[in-house]
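# Structural overview
Single-letter residue listing:
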Amino acid sequence: MLNMLEPSWKEALKDRAKDPYLKQLWSFVENEYANTTVFPPKDLIFNAFWKTPYDKVKVVLIGQDPYHGKGQAEG
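Residues numbered from 1 in each chain as written. Predicted model: local features only at pLDDT ≥ 70, side-chain atom pairs only at ≥ 80, totals over all residues. Heavy atoms only, no water.

## Looking at the nonpolar core
Counting residues in each nonpolar core, the largest one holds 5 residues, listed as M4, L5, W9, W26 and F46. Those residues in contact with W9 that lie beyond four places of it in its chain are F49, T52, P53, Y54, V57 and V60. (Core = buried A, V, L, I, M, F, W, Y, C linked by side-chain atoms within 4.5 Å. Buried < 20%, exposed > 50% of the residue type's maximum accessible area, 1.4 Å probe, protein only. Contact = heavy atoms within 4.5 Å.)

## Brief notes about unusual backbone geometry
In the segment running from F39 into P40, the intervening peptide bond is cis, with an omega of 0°. Among the structural elements, P40 can be located in the loop between α2 (20-35) and α3 (47-51). (Helix = DSSP H or I, 4+ residues; strand = E, 2+ residues; numbered from the N terminus.)

## Here's the deal with the pattern of salt bridges
The full count for this structure, using the stated rule, is 3 salt bridges. Here K14 and E11 are joined by a salt bridge, their closest N and O atoms 2.7 Å apart. (Salt bridge = Lys/Arg side-chain N within 4 Å of Asp/Glu carboxyl O.)

## Section: the packing of aromatic side chains
On inspection of all chains with the given rule, the structure shows 4 aromatic pairs. A ring pair is formed by W9 and F49, whose centres lie 4.5 Å apart and whose planes are at 90°; its orientation type is edge-to-face. On the criterion of sequence distance, the pair formed by W9 in helix α1 (residues 7-13) and F49 in helix α3 is long-range, its members being 40 residues apart. Overall, F49 belongs to the partly exposed group, its relative accessible area being 23%. Taking the centre distance of 5.0 Å and the plane angle of 85° together, the rings of W9 and Y54 count as edge-to-face. Residue W9 is located in helix α1, and its partner Y54 is located in the segment after α3; the two are separated by 45 residues in the primary sequence. Using a relative accessible area of 7% as the deciding quantity, one classes W9 as buried. Overall, Y54 belongs to the partly exposed group, its relative accessible area being 44%. Feature note: the residues W9, W26, F46, F49 and Y54 constitute an aromatic cluster, connected by ring pairs. (Phe/Tyr/Trp six-rings, centres within 6.5 Å; stacked < 30°, edge-to-face > 60°.)

Shown next as C-alpha cells:
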C-alpha cells in the first residue's frame, strides 16, 4: 500500500503500515478490485495524496466519492 503514496506520505505513515488493521483493510480492498467493479480506478485511490504533500496539509476530510460511473471518479 505504501508504494502507492507520495514519498512524504510514505514517511509520515510508515509506522502505521505495520498495523494489522491496515493490512486487513488493504486485503479487503485488493479483493474488491479483483472481484467487482470499483471506483476510482486502483491507480487513483490515493490521488489526493499525490497532489498534496504531507507537509502542505492542514486538514484531511475523508468521505465517499460521489461519482459512481466510468470516467467520473478521480480518487
